[in-house]
Amino acid sequence: MRELIQNSINGLAVYFQSNHMVVLVPGLLLYFLAAKERRRPREGRLLQFTAVMLVLVVFPVSGGCLMLYQTRFYSYPWIWSLVPVTLCIAWGGTELLWELTEQRRRDGKAGRRLAAGICVLLALLLLLGNLGRIRTVGEEEEARRSRARQVANNLQELSQMQETLLWGPRAVLEAVRGQTGEIRLLYGRNMWEPEAAAYAYDTYTEEAQRLFDWMEALESGDGTGSGLERTDAYALQTAAGCGARMWVFPAEASERIAMACDWLQEENDLHPELLGEVAGYTIWYCE
């Protein structure tokens, strides 16, 4: 709970920095609170609801409770969906514009005052708004994704893929799932992003977690030394036992995988076969 409260405190500053227009909501609430004119019941309820929800999302303890309710899949900015920001700004801005330009006073200049007020309001919205954030991907990351997409395209053409689960590096699994839902994976995004399983009570087995850790270490190039083929072979045997007979490995680990497959074939009744190499990855099928 302490972590959620801290996230609420930090998230508030970040949210206001990236969403400057939100400051109009408390500003409008203060204006209508100070105004002596009575509001219609429906408008009063809107102001009251907005004020209550604004306090709840801004105050760290209540903000943390709301984050706990929405689960860890969502970050702090999502709880602001409880505050009718757009509705309050749209209605409040129109009402404020009508009152400040004195549209009730019919002296022949109401149109000019309204036009001037609209210009001021538009300028205010432009100054407080933003053009969004342009997310860029580095050349190295884009190249990695491109290679993974090539592997995904190749896997879709393999007839063996329909009979088994796929086990491979994270980038390949993400690319496969991004392109097709017909290929079944040994594990999905919720393996490396627990937030994606916020509403699910099922968890992966210990064997699946070990296979993920082993694959991540293999892709990063960790692990050297004698006797490693037995460790690798055990990982391959475990994957086959979990129903994953289609394997994708980084091409840099081809020697390790070949040694592990030889050991696996000698010690177990499994026959891995190299199907080919695509974009820096090797594809194996185990019969």
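Rules used throughout
- Residues numbered from 1 in each chain as written.
- Predicted model: local features only at pLDDT ≥ 70, side-chain atom pairs only at ≥ 80, totals over all residues.
- Heavy atoms only, no water.
- Helix = DSSP H or I, 4+ residues; strand = E, 2+ residues; numbered from the N terminus.
- Contact = heavy atoms within 4.5 Å.
- Areas by Shrake-Rupley, 256 points an atom, 1.4 Å probe, with all protein chains shown as cover.
- Salt bridge = Lys/Arg side-chain N within 4 Å of Asp/Glu carboxyl O.
- Buried < 20%, exposed > 50% of the residue type's maximum accessible area, 1.4 Å probe, protein only.
- Axes fitted to C-alpha atoms, helices over the stretch in contact; angles between N-to-C directions.
- Parallel < 35°, antiparallel > 145°, perpendicular 65-115°, else oblique.
- Nonpolar A, V, L, I, M, F, W, Y, C, P; charged D, E, K, R; others polar.
- Pairing = 2+ DSSP bridges.
- Phe/Tyr/Trp six-rings, centres within 6.5 Å; stacked < 30°, edge-to-face > 60°.

Draft legend 1. Focus on the overall build of the protein. Helix and strand counts for the protein come out as 11 helices and four strands. Long-range contacts, defined here as pairs at least 24 residues apart, represent 65% of the contacts in the protein between residues at least 6 apart. As displayed, the protein offers around 17,800 Å² of accessible surface, 56% of which is attributable to carbon and sulfur atoms.

Draft legend 2. Summary view of the pattern of salt bridges. Inspection of every chain in the model, using the stated rule, returns five salt bridges. R149 is paired through a salt bridge with E142; the nearest N and O atoms lie 3.1 Å apart. D232 is the salt-bridge partner of R256, the closest N and O atoms lying 2.8 Å from each other. Separated by 24 residues along the polypeptide, R256 in helix α11 (residues 254–267) and D232 in helix α10 (residues 228–241) bring together distant segments of the chain. Residue D232 is classed as buried on the basis of its relative accessible area of 1%.

Draft legend 3. Quick look at the packing of helix α3 (residues 41–58) against helix α4 (residues 60–70). Closest axis-to-axis distance for the α3/α4 pair is 5 Å, and the angle between their directions is 90°. By the angle between their directions, the pair α3 and α4 is classed as roughly perpendicular. Only P60, S62, G63 and L66 of α4 make contact with α3, whose side of the interface consists of V55, L56, V57 and V58. Of the residues belonging to the contact of α3 with α4, the class tally is six nonpolar, two polar and no charged.

Draft legend 4. Quick peek at the sheet that holds strand β2 (residues 244–250). Spatially, β1-β2-β4-β3 is the arrangement adopted by the four strands of the open sheet, whose pairing is mixed. Each edge of the sheet is formed by a strand with only one pairing partner; in this case those strands are β1 (165–167) and β3 (272–278). Strand-to-strand twist in this sheet, taken as the mean axis angle between neighbours without regard to direction, amounts to 20°. Inspection of the sheet shows β2 paired to strand β4 (residues 281–286) by five bridges, in the antiparallel sense. When the sheet's bridge partners are listed, W247 is paired in β4 with W284. Lying on the sheet, helix α9 (residues 206–220) is in contact with β1, β2 and β4; it crosses β2 at an angle near 25°. Across the sheet, α11 lies against β2, β3 and β4, angled at about 10° from β4, the strand it touches most.

Draft legend 5. Molecular detail of helix α8 (residues 170–179). All of the buried residues along α8 are A171, V172, L173, A175 and V176. On its buried face, α8 sits against α7 (139–156), β1, β2 and β4.

Draft legend 6. View of the packing of aromatic side chains. This structure, assessed with the given rule, holds eight aromatic pairs. Ring geometry for F32 versus W91: centroids 5.0 Å apart, planes at 35°, classification tilted. One end of the pair, F32, is in helix α2 (residues 24–34); the other, W91, is in helix α5 (residues 85–100), and 59 residues separate them in sequence. Residue classification places F32 among the buried residues on the basis of a relative accessible area of 6%. The exposure class of W91 is buried, given its relative accessible area of 16%. Considering the side-chain rings of W167 and W247, the 6.5 Å spacing of their centres and the 85° angle between planes classify their relative orientation as edge-to-face. Linking W167 in strand β1 with W247 in strand β2, this pair joins segments that are 80 residues apart in sequence.

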